[in-house]
Amino acid sequence: MRLGLDLHCLLIIYGVLKATAITTISIDPPYNPLATGFNNLIVTAQFQTSNDSTETCSWYYGGELDSGSGVQFYSGLFGGCVVPAPGTYDNITCTEQTIDGTNHTITTLTITQPLVAGNLNIEVTCTTATTPGPITRTLQDCNSSLPYDVIVDATSRVFNSPGKFVCSNGGNLFYSKGTMLTSSDTTCLASAEWSGQDTLQCWTAPSVTLASSSIDGNNLTVVKGDDLNLTCNYNDVIPEGNTSRFYIGGNSYNRTQGEQFILSSLQRSDNNKVVSCQAVTPYTDAYPGSGRSLEYIVDVLYVSSSVTNKIETSQFVIESSESNYLLRSDQQLTMNCIPSDANPPATCSWQLCSDSRCQTLTSDGGCLITVDLSVSSNVTCAAGNRAGNTISAEQTVDVIPAERQVHFNVSGSNVTNDDSINSTTYLGESIMISCSVSYENELNTAYLIKLPNNSIISQSSKMLSSVTRDDSGDYICNTNDQFGSFNAAIYLNVIYAATQDDKIPTCNWNLNETGICSVVFFSNPNSLFILLSKNGSLVAGDGSMTIESTGDQQTFTFSRTQVTNSDNGRYELTVKSSSESLFSNSVLYFDIEVVDNTDGNGEPPGTPGLSTGAIAGIIAGVVVVILCAAGYGIYRWRRGPQKKNGSQSNEMYPTVSGNRTFTDQPGYIDVDANNSIQISSDHQRNYEVVGPAEDENGYLAVNGSTTGHLRNRASNSQLETDNAGYIVLNGEESSAQSNNQGNASSSSKRYENIEGAYDDVITTPRVHTENGSRRYENVEGPYDEINNS
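Because the structure is a prediction, the values reported are computed rather than measured. (Residues numbered from 1 in each chain as written. Predicted model: local features only at pLDDT ≥ 70, side-chain atom pairs only at ≥ 80, totals over all residues. Heavy atoms only, no water.)

Participant: Please give an account of the overall build of the chain that cites residues and values.
Facilitator: In terms of helices and strands, the chain carries two helices and 61 strands. Across the 789 residues of the chain, 41% fall into the buried class. For the chain, the proportion of contacts with a sequence separation of at least 24, taken over those separated by at least 6, is 62%. A total accessible area of about 40700 Å² is found for the chain, and carbon and sulfur atoms account for 46% of it. (Helix = DSSP H or I, 4+ residues; strand = E, 2+ residues; numbered from the N terminus. Buried < 20%, exposed > 50% of the residue type's maximum accessible area, 1.4 Å probe, protein only. Contact = heavy atoms within 4.5 Å. Areas by Shrake-Rupley, 256 points an atom, 1.4 Å probe, with all protein chains shown as cover.)

Participant: Which residues make up the pattern of salt bridges, and what values do they have?
Facilitator: Under the defined criterion, the tally for this structure stands at six salt bridges. Residue Asp 481 pairs with Arg 404 through a salt bridge whose shortest N-O separation is 2.8 Å. Highlighted residues: Asp 481 in strand E45 (residues 473-481) and Arg 404 in the loop between strand E37 (395-400) and strand E38 (406-412), separated in sequence by 77 residues. Look at Arg 404 and you get buried, because its relative accessible area is 4%. (Salt bridge = Lys/Arg side-chain N within 4 Å of Asp/Glu carboxyl O.)

Participant: So what's going on with unusual backbone geometry? Residues and values would help.
Facilitator: Here Asp 28 and Pro 29 are connected by a cis peptide whose omega angle stands at 5°. Topologically, Pro 29 is positioned in the loop between strand E2 (20-28) and strand E3 (34-35). Its identity is not glycine, yet Asn 272 carries a phi of approximately 65°, on the positive side. Along the polypeptide, Asn 272 turns up in the loop between strand E25 (261-263) and strand E26 (274-280). With a phi angle near 60°, Tyr 439 is a residue other than glycine that sits in the positive phi range. Structurally, Tyr 439 is set in the loop between strand E41 (431-437) and strand E42 (446-450).

Participant: If you had to explain the side chain of Ser 523 to someone new, which residues and values would you point to?
Facilitator: Structurally, Ser 523 can be placed in strand E48 (residues 515-524). Once you skip the residues sitting within four places of it in the chain, Ser 523 turns out to touch Tyr 496, Ala 497, Ala 498, Asp 552 and Gln 554.

Participant: Pulling in residues and values, what's your account of the sheet that holds strand E17 (residues 185-187)?
Facilitator: Strands belonging to one sheet form pairs held by backbone hydrogen bonds; the direction of such a pair is parallel or antiparallel. Strand order in the open sheet made by the four strands is E13-E14-E15-E17, with antiparallel pairing throughout. Among the strands making up the open sheet, the edge pair consists of strand E13 (145-146) and E17. Note that strand E14 (residues 150-153) and strand E15 (residues 162-167) share four bridges and pair antiparallel. Bridge pairing in E15 places Asp 153 opposite Lys 164. (Pairing = 2+ DSSP bridges.)

Participant: Residues and numbers for the environment of Thr 468, please.
Facilitator: The residue Thr 468 is located in the loop between strand E44 (461-464) and E45 in this model. Judged by relative accessible area, Thr 468 falls into the partly exposed class, the value being 36%. Spatially, the C-alpha atom of Thr 468 lies 9.4 Å from that of Ile 495, the residues being 27 residues apart in sequence. Once residues lying within four places of it in the same chain are set aside, the contact partners of Thr 468 are Leu 427 and Val 494.

Participant: I'd love a proper account of the pairing of strand E23 (residues 243-248), names of residues and values included.
Facilitator: For a regular strand, side chains alternate in direction, first toward one face of the sheet and then toward the other. Only one face of E23 is covered, namely the face carrying Ser 244, Phe 246 and Ile 248; the face carrying Thr 243, Arg 245 and Tyr 247 is uncovered. Alignment of E23 against strand E24 (residues 251-256), held across six bridges, turns out to be antiparallel. Pairing of Ile 248 across the sheet is with Asn 251, part of E24. In the sheet, E23 pairs with E26 via six bridges, with the strands oriented antiparallel. For Ile 248, the partnering residue across the bridge sits in E26 and is Val 275.

Here it is, written out as structure tokens:
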């Protein structure tokens, strides 16, 4: 008897403690579906309650039996179970029980009236809890038609109705285990099933036919010495059978259903034997004469006992294995079908099959044929007469194109391929370059791979564990075997960001001359110049910056029209990939070393000296400077040291005595305006002219000239600059605009800071004396105090 399924639901009850409990609802009997007309259906529910809450619970059931208003059976606030009086169609019970320290309500609903067809929905609801959906049971009549061709003859099909089992196919009623049904009487059960229907079947005798390629009318025509192939076929029946029984001349032989029975090496003595077969099933075992085929008479004829298809080989038709041949597509295939003796003499034919399509060929010249074969095929030959055919073993002929395509491939985790012609990867990646051609194993194909450096390897693949720039280029694969030589090429493009050789290049520039510096780097794809900087600041000024590309080699050229000492140092060249998604910016470096090839006077070696008058003037100027410096020294000695903002400790004032220069405070040397030599103090400080004076080395101009530059020398103080980056002298502003590349303005005497950022300059602008003398400053250490008097 078939069991139903219990339905378990979760019912959440919100009481005082708001506890969660498992609600179980079950139906007895537990069938789904139920037979119509069934009565006294019992439904049981158990769930947790709290009688000190305001909760009430009721039964609801609906469908054809409608109780939409519900029947209350529980009341909270210490009311507990309420047992309602039996209704017209139902009866309800309710009890309370303590389980694991919590109060549970156990209630039953009995539907007393007979059930009618449809769906019956039953549920329990409580006022303060979320209740599950209804339990649904389908109500239906017992079926009139059953599996296995069984039908039920009954006037009514509701619960407890009587009926009789009948076979619709005219067979006999059996149980599945082979027992014949003695009584066909049955009854409709509560589960909407007929009693005893589960294993009941209608059995019939199978329809059986004997199949053979030798059947000729009512005869089995067989070649002498050959086999007689028989198959016993019968339709699907109940009960099923899996055995066939062959009857040959009074003997019987069993075989698995569908298995071919072979009567070997028939002779003349087998003539006129009667052959038939029978299906072996439980039904034919019960009725032995049933389920047999028609009878046939054996007729033995002469026919070839064997046949061989011989394929002729040549340079381009080779035998790769016992039953497999290789044929180059531009060649013909010659086959010779060789049968044994036959009576009557056998004729030959060939069958060629490819892609489930077959064609049959015959030859006018007997059993020899030459064909053009365009596609690979399975080939057999047959030799036969009216008695039958004998077929050779199947052979496979693979047709290989005369021009075979070589597959050249680059693979790796970060490789992109373009129609197998171009492959792209990245510097440092691990890749495999492999070459293959069809039928390489069968033809023992030899491989040669030519690398971009023109070296050759005798193998079909090459592993590059970490690609370099030199791995870019053309790779060529050559193949060679009996059917021809072929090749393929692929270009490997190695992508990498801008890089230079390990050694940082150095350019040597001559002071005051034109300087040109070229830096070579490599990138693929070519990079774009972004900016040039030095010491964290952009490089400005005269000259030009260019970038040229030849393949993956790029050359950056930087030039100055007039080299100064500030050009000395390390430069940072920032370049950017042509695609931001490929690489981030690269920073390259190069050094410029400025060499002073002048004679110390700002003139190249060999420049003619000063005239006698100029020399005399210089000497006179020096004397005046020395006298002024001496007088000022006495003045400063009497007043004591006076320091200004930005001065350093231990400052010395230089004075001149004879050919030596000594320093005491405040640290200036007044000499002739034409004297531009560098002098040393007794404290090993070097001094150079910083202006204001006009000379060829680019220092500040005197007498209102607009040429010359202010050198940024000090690192311990700042001087105010305007928005254009010029130092304001004389406290004046000007309307003149500049982008950091101009010379001094005659009106405001603005001078450019030519070494970088516009701070770290001396505190007070320098002025020339009335007699046009030049002032010198200590440029090697702590800077001397500045005095404008």
